[in-house]
Amino acid sequence: MAKKKKFRFPWLLAFMVIYAVAALVGIKYGLQWLWGYMEDFEASQPEHAITRYMEQLSNDAFYKGAADQIAQLDSNLITQEECHALIDQAVAEGITYAKNNKESTSERHVYMLLSGKHTIGKVVTQPGEPDENGLRIWNATEESFDFSFLMGTGTSITVPNSFTVSANGTALDESYIVKTDIPFETLKDYYGIFENLPYMVTYQTPAIWGNQALLVTDPAGQIVTINENTDMESFLLTCTEEEVQQAEKFGKDFIKQYMMFISAPDATRKQEYKTLIDFIVDGAPLEDRMFEAMDGLQWVTNQKTRLLDVQFGNCIRLSEGRYLCDLSYTTETTKYTGVTTEVTNTKIILVQDGNKLLIESMQNY
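Residues numbered from 1 in each chain as written. Predicted model: local features only at pLDDT ≥ 70, side-chain atom pairs only at ≥ 80, totals over all residues. Heavy atoms only, no water.

Undergrad: Break down the overall build of the protein for me, with residues and values.
TA: Helices and strands together make up the secondary structure of the protein, namely eight helices and 15 strands. Within the span of the protein, comprising 365 residues, buried residues form 35% of the whole. Looking at the protein alone, contacts between residues at least 24 apart form 60% of all its contacts between residues at least 6 apart. On the protein, roughly 23,100 Å² of surface is accessible, and the fraction owed to carbon and sulfur atoms is 52%. (Helix = DSSP H or I, 4+ residues; strand = E, 2+ residues; numbered from the N terminus. Buried < 20%, exposed > 50% of the residue type's maximum accessible area, 1.4 Å probe, protein only. Contact = heavy atoms within 4.5 Å. Areas by Shrake-Rupley, 256 points an atom, 1.4 Å probe, with all protein chains shown as cover.)

Next up, the structure:
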């Protein structure tokens, strides 16, 4: 009968297996530590800080960074949403960066943010405190944005006081008027005499981002173009065709009667005067002038004046029922020395009296 062998535990093999497992675990954790260290080491390199910053940069950061600049703009002329849209447009082609070596140091790197040819901001990166491995991770510590290149220019325009000026769709109120009571040349002799005469005002708007579009409308809401070549006096011609026709007929009839009066012989002058003052506002200074002229005309002898032509210039509404009209008339005067022709320019003021017009004043120029 064979002799039974005694079992022996394979201690050597077990030791080798345990050793191998321990070695593998050690290698695994060692590699993990080494890999983490390498990642941290790579991350600690200064140039990666700006890369990480650029990856997370969004337009929301621009909006927030430009908030103070936007707050200084006239909100009547441009809204926050419109400002954001201009920022979106400005950065639509993408943002790049360039290191500013002049401002940078070994512990502080400065980068300029660029949108095309425009500098829109600045970013500063700096190393943090050492970690457990003694590495200092660089991160963005400062940022600022500047969209001043979007700033346009202010505007200024002079218009009649009854006109409306809008900027970017907003009607400008009196706070935008920087100069008022600018006289019309045609009316310069009448501002101290009559109230509520038309005048001009100058509107001025501050600079905002982008361009400003001004729109001018007259009291009827019609769009009006005003530039350096505009004849501002033309805006005074607001009378209707019916008003002009009535004023022209009356003005010419008055001049004809006036000439009949000053050229009348002594025998008929008083009658011509009575006819003439029917054209004049009762009690107006012009009535006295005509009466005084009648006394002076009796000394004028040996001459005869004849009306050749009357031309009506324009009609301006000074106020409701009061008009300023321009006329010129040509006369031929025969004296003992010969015949002379003269053109006289005159301004007359007419007032509405019921269904008819009367003359209030007459001024030659």
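Here the narrative resumes, following the displayed structure.
Undergrad: Tell me about helix α7 (residues 266-277), and please be specific about residues and values.
TA: The terminal C-alpha atoms of α7 lie 17 Å apart, and with twelve residues this matches the ideal 16 Å at 1.5 Å per residue to within 8%. Taken together, the buried positions of α7 are Arg269, Glu272, Tyr273 and Leu276. Along the axis of α7, the buried positions cluster into a sector of 110 degrees, meaning they face one direction only. Exposed and facing more than 90 degrees away from the buried side of α7 are Ala267, Lys270 and Lys274. Where α7 is buried, its residues contact α6 (241-262) and α8 (285-297). (Expected span 1.5 Å × (residues − 1). Arc of directions from axis to C-beta.)

Undergrad: I'd like a rundown of helix α5 (residues 80-90), residues and numbers included.
TA: Residues Cys83, His84, Ile87 and Ala90 constitute the buried set of α5. What you see down the axis of α5 is that its buried residues fit within an arc of 120 degrees, all on one side. Within α5, the exposed residues directed more than 90 degrees away from the buried face are Glu81 and Gln89. Looking at the packing, one finds that the buried side of α5 touches α3 (59-65), α4 (67-71) and β2 (109-115).

Undergrad: Any chance you could break down the layout of surface pockets for me, citing the residues and the numbers?
TA: Considering only enclosed or pocket space, the second largest pocket measures out at about 270 Å³ in volume. Around the second largest pocket, the lining comprises 15 residues; the ones closest to its centre are Ser162, Pro198, Phe235, Thr238 and Arg317. Residue composition of the lining of the second largest pocket, by class: eight nonpolar, six polar and one charged. (1 Å grid on protein atoms, 1.4 Å probe; cavity = no way out; pocket = protein on both sides within 12 Å on 5 of 7 lines; lining within 4 Å. Points joined across faces, edges and corners; volume = space filled by probe spheres on them. Nonpolar A, V, L, I, M, F, W, Y, C, P; charged D, E, K, R; others polar.)

Undergrad: Can you explain the sheet that holds strand β5 (residues 155-160)? Please cite residues and give values.
TA: Read from one edge to the other, the open sheet built from three strands follows the order β5-β9-β8, with strand pairing classed as antiparallel. The sheet is open, and its two edges are formed by β5 and β8 (177-182), each paired on a single side. When strand polarity is set aside, the average angle formed by the axes of neighbouring strands in this sheet is 15 degrees. Inspection of the sheet shows β8 paired to strand β9 (residues 200-205) by three bridges, in the antiparallel sense. Residue Ile177 lies in a different strand from β9, and its bridge partner there is Tyr203. (Pairing = 2+ DSSP bridges. Axes fitted to C-alpha atoms, helices over the stretch in contact; angles between N-to-C directions.)

Undergrad: Requested: an account of the packing of aromatic side chains, with residues and values cited.
TA: With the rule as written, the count across this model stands at twelve aromatic pairs. Measuring from ring centre to ring centre gives 5.2 Å for Phe62 and Phe145, while their planes differ by 80 degrees; the resulting arrangement is edge-to-face. With Phe62 in helix α3 and Phe145 in strand β4 (residues 138-145), this residue pair connects regions lying 83 residues apart in the sequence. Of the two residues, Phe62 and Phe145, both sit in the buried class. With a centroid separation of 6.3 Å and 25 degrees between ring planes, the pair formed by Tyr190 and Phe194 is classed as stacked. Residue classification places Phe194 among the buried positions, given a relative accessible area of 14%. Of the aromatic side chains, those joined through ring pairs into one cluster are Phe62, Phe145, Phe147, Phe149 and Trp209. The aromatic ring of Tyr365 is capped on one face by Lys347, whose charged end is 5.2 Å from the ring centroid. (Phe/Tyr/Trp six-rings, centres within 6.5 Å; stacked < 30°, edge-to-face > 60°. Lys NZ or Arg CZ within 6 Å of the ring centre and 35° of its normal.)

Undergrad: Tell me about the side chain of Thr125, and please be specific about residues and values.
TA: Counting through the fold element by element, Thr125 comes out in strand β3 (residues 118-127). Judged by its relative accessible area of 0%, Thr125 is buried. Not counting the four nearest positions on each side in its chain, Thr125 is found in contact with Ala49, Ile50, Glu107, Arg108, His109, Tyr111, Trp138, Asn139, Ala140 and Thr141.

Undergrad: Requested: an account of the environment of Thr346, with residues and values cited.
TA: Relative to the helices and strands, Thr346 is located in strand β14 (residues 338-353). Put simply, Thr346 and Cys325 are 21 residues apart on the chain and 8.4 Å apart in space, counted from C-alpha to C-alpha. With residues up to four places along the chain from it excluded, the contact list for Thr346 reads Ile255, Cys325, Asp326, Leu327, Tyr329, Met362, Gln363, Asn364 and Tyr365. Side-chain polar atoms of Thr346 contact the backbone oxygen of Gln363, separated by 3.3 Å. (Polar contact = N/O pair within 3.5 Å; in protein donor to acceptor, adjacent residues only side chain to side chain.)

Undergrad: Account for the packing of α6 against α8, naming residues and giving values.
TA: One can describe the packing of α6 onto α8 by two numbers: an axis separation of 10 Å at closest approach and a directional angle of 30 degrees. Taken as axis vectors, α6 and α8 run roughly parallel relative to one another. Taken together, the residues of α8 that come into contact with α6 (itself represented by Phe254, Tyr258, Phe261 and Ile262) are Leu286, Met290, Ala293, Met294 and Leu297. Residues that form the contact of α6 with α8 fall into these classes: nine nonpolar, no polar and no charged. (Parallel < 35°, antiparallel > 145°, perpendicular 65-115°, else oblique.)

Undergrad: A description of the packing of α7 against α8 should follow, citing residues and the corresponding values.
TA: Following both chains from N to C, one finds α7 and α8 inclined at 165 degrees, their axes separated by 11 Å at the closest point. Relative to α8, α7 is oriented roughly antiparallel. For the element pair α7 and α8, the recorded crossing hand is right-handed. Seen from α7, the contacting residues are Arg269, Lys270, Tyr273, Leu276 and Ile277; seen from α8, they are Glu287, Met290, Phe291, Met294 and Leu297. Per-class residue counts for the contact of α7 with α8 are seven nonpolar, no polar and three charged. (Left-handed = near helix turned anticlockwise from the far one by under 90°.)

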